[in-house]
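# Residue-level structural notes
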Amino acid sequence: MQTYELLQALAGAFGAFLAILIIVYLYHVLGIEKMRAINQELSTKKEIAKLAVQYAEQAWKKLRGPEKYGKAAEWMASQCQRLRINVTDQEIKGLIEAALRGFKDQFGNSWADVINKKE
């Protein structure tokens, strides 16, 4: 009988160990999936911000500074709402500013030339 009881105890311990391994694995996988989802959402927001800047430049050529930013922010907010993406006003501001900085860095002096020609 002792061998049987020993095997039962070992099987119980092995089962508990296996359950812990499965929980740790699932926790790890779910954590990675959550990070992927967050990264995907951020990438989507960045793309929408780039489109908002481009749209504002094209659609509201005569507007300057805060007015043009307001139109870009308004458009971005509406697109995020349409796509059911949660975004705060602070995120919109940061994303639009980052997109604008990216365009300025990418196009350098030609960006400034275009802006100066509008004046």
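Description of the structure in this document.

Definitions and limits used
- Residues numbered from 1 in each chain as written.
- Predicted model: local features only at pLDDT ≥ 70, side-chain atom pairs only at ≥ 80, totals over all residues.
- Heavy atoms only, no water.
- Helix = DSSP H or I, 4+ residues; strand = E, 2+ residues; numbered from the N terminus.
- Polar contact = N/O pair within 3.5 Å; in protein donor to acceptor, adjacent residues only side chain to side chain.
- Phe/Tyr/Trp six-rings, centres within 6.5 Å; stacked < 30°, edge-to-face > 60°.
- Buried < 20%, exposed > 50% of the residue type's maximum accessible area, 1.4 Å probe, protein only.
- Patch = residues over 30% accessible without salt bridge, like charges linked within 9 Å, V, L, I, M, F, W, Y side chains within 5 Å.
- Areas by Shrake-Rupley, 256 points an atom, 1.4 Å probe, with all protein chains shown as cover.
- Salt bridge = Lys/Arg side-chain N within 4 Å of Asp/Glu carboxyl O.

Another aspect to go through is the side chain of K68. Note that K68 resides in helix α2 (residues 65-82). A polar contact of 3.5 Å, which involves the side chain of K68, links it to the backbone oxygen of L63.

Throughout the structure, instances matching the rule amount to 2 aromatic pairs. With 5.1 Å between their ring centres and 80° between their planes, Y55 and W60 make a pair best called edge-to-face. What makes W60 partly exposed here is its relative accessible area of 22%. Look at Y55 and W75: their rings are 5.3 Å apart centre to centre, the planes differ by 35°, and that puts the pair in the tilted class.

A contiguous nonpolar surface patch, about 850 Å² in accessible area, is contributed by F14, F17, L18, L21, I22, Y25, L26 and L30. Position of I22 among the secondary structure elements: in helix α1 (residues 2-59).

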